[in-house]
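Geometric and topological summary
Now for the letters of each chain:
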Amino acid sequence: SYVRNCACQVRTFRVVVGRTMAHVSSELLWQLTKKNNCFLLKKPSGQSINGNRAVQFTTEPRNLAGVSNFKYSGLCDPNVVGISASGDRKMAVVVDKKIGKKKAKILLTKDFKRMAKTVEKEVANAGFRPDLKKAALAKLSCVHRSLRVAKK
C-alpha cells in the first residue's frame, strides 16, 4: 500500500510481530536487514575493490544484480522482478514479477530478441520499475548465454 507523507510516497510492508501485524516502510525494512540477513555473502574484512569499500553480494531471489543495495533488493521493495532459468534447463527463461502481494511468472521460450522485447515491456514500458530495465536485460543476457549448448 502507498501512504502520502510530505509530498513523497513511502512504501509500507506488514511485518508479523507475535500475532499482530505492524506496518513498516521499505526504507526501514532495508535499514534493519541490510547488514544481517540469510542471503548475504560475507567477505573477509579488509578486502576491497579498487581501493573503495568492499562490495557486498547477495543471493536474494528477485535480485537482478546480485549486489546488496536498496535499488536491487528483492526483500524490501514491493515491486520487484527476477529472471532465472527454468528448472528443466532447456532454453526457457522465467520472469518472476511481484507487485505488492500479487505474483506472476512468465515463461519465455522464443529467440533472444523476442525475450528481450517481452522483458523490456514488462519491466519498463508498463510503468513497473523503469530503473531496472538495463539490469533486467543484462541478467536476461547472462541467463540466456548460460543455457546455450556448445556445438560439437
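Bear in mind that the values here come from a model prediction, so they are computed numbers and not experimental data.

The rules behind the values
- Residues numbered from 1 in each chain as written.
- Predicted model: local features only at pLDDT ≥ 70, side-chain atom pairs only at ≥ 80, totals over all residues.
- Heavy atoms only, no water.
- Helix = DSSP H or I, 4+ residues; strand = E, 2+ residues; numbered from the N terminus.
- Buried < 20%, exposed > 50% of the residue type's maximum accessible area, 1.4 Å probe, protein only.
- Contact = heavy atoms within 4.5 Å.
- Areas by Shrake-Rupley, 256 points an atom, 1.4 Å probe, with all protein chains shown as cover.
- Pairing = 2+ DSSP bridges.
- Axes fitted to C-alpha atoms, helices over the stretch in contact; angles between N-to-C directions.
- Core = buried A, V, L, I, M, F, W, Y, C linked by side-chain atoms within 4.5 Å.
- pLDDT = per-residue confidence, 0-100.

**Brief notes about the overall build of the chain**
- When helices and strands are counted, the chain shows three helices and eight strands.
- Reading the helices (α) and strands (β) of the chain from amino to carboxyl end gives β-β-β-α-β-β-β-β-β-α-α.
- Across the 152 residues of the chain, 34% fall into the buried class.
- The contacts in the chain between residues at least 6 apart in sequence include a share of 33% that link residues at least 24 apart.
- When the accessible surface of the chain is totalled, it reaches about 10,500 Å², and 55% of it is carbon and sulfur.

**Regarding the sheet that holds strand E7 (residues 93-99)**
- On the basis of which strands lie adjacent, the open sheet formed by three strands has the order E6-E7-E8 and antiparallel pairing. In this open sheet, the two strands that pair with only one neighbour each are strand E6 (79-85) and strand E8 (102-108). Across the sheet, the mean angle from the axis of one strand to that of its neighbour is 15°, orientation sign disregarded.
- Across seven bridges, the pairing between E6 and E7 is antiparallel. Its bridge partner lying in E7, Val81 is registered against Lys97.
- Taken strand by strand, helix H3 (residues 133-147) contacts E6 and E7, and its axis lies near 15° from that of E6.

**As for the nonpolar core**
- Leu64, Val81, Ile83, Val93, Val119 and Leu140 are the most contacted members of the largest nonpolar core, which has 18 residues in total.
- Contributions of two or more residues to this core are made by E6, E7, helix H2 (112-125) and H3.
- With five residues, the top contributor of residues to this core is H3.
- With near-sequence residues (within four places) excluded, Ile83 lies in contact with Leu64, Val93, Val94, Val95, Val119, Ala136, Lys139, Leu140 and Val143.

**Structural notes on the confidence of the model for the chain**
- Summarising the model, the chain shows a mean pLDDT of 76, and 74% of its residues fall at 70 or more.
- Note on residues 1-10: pLDDT is under 50 here. Beyond four places in sequence and across chains, it has 15 contacts.

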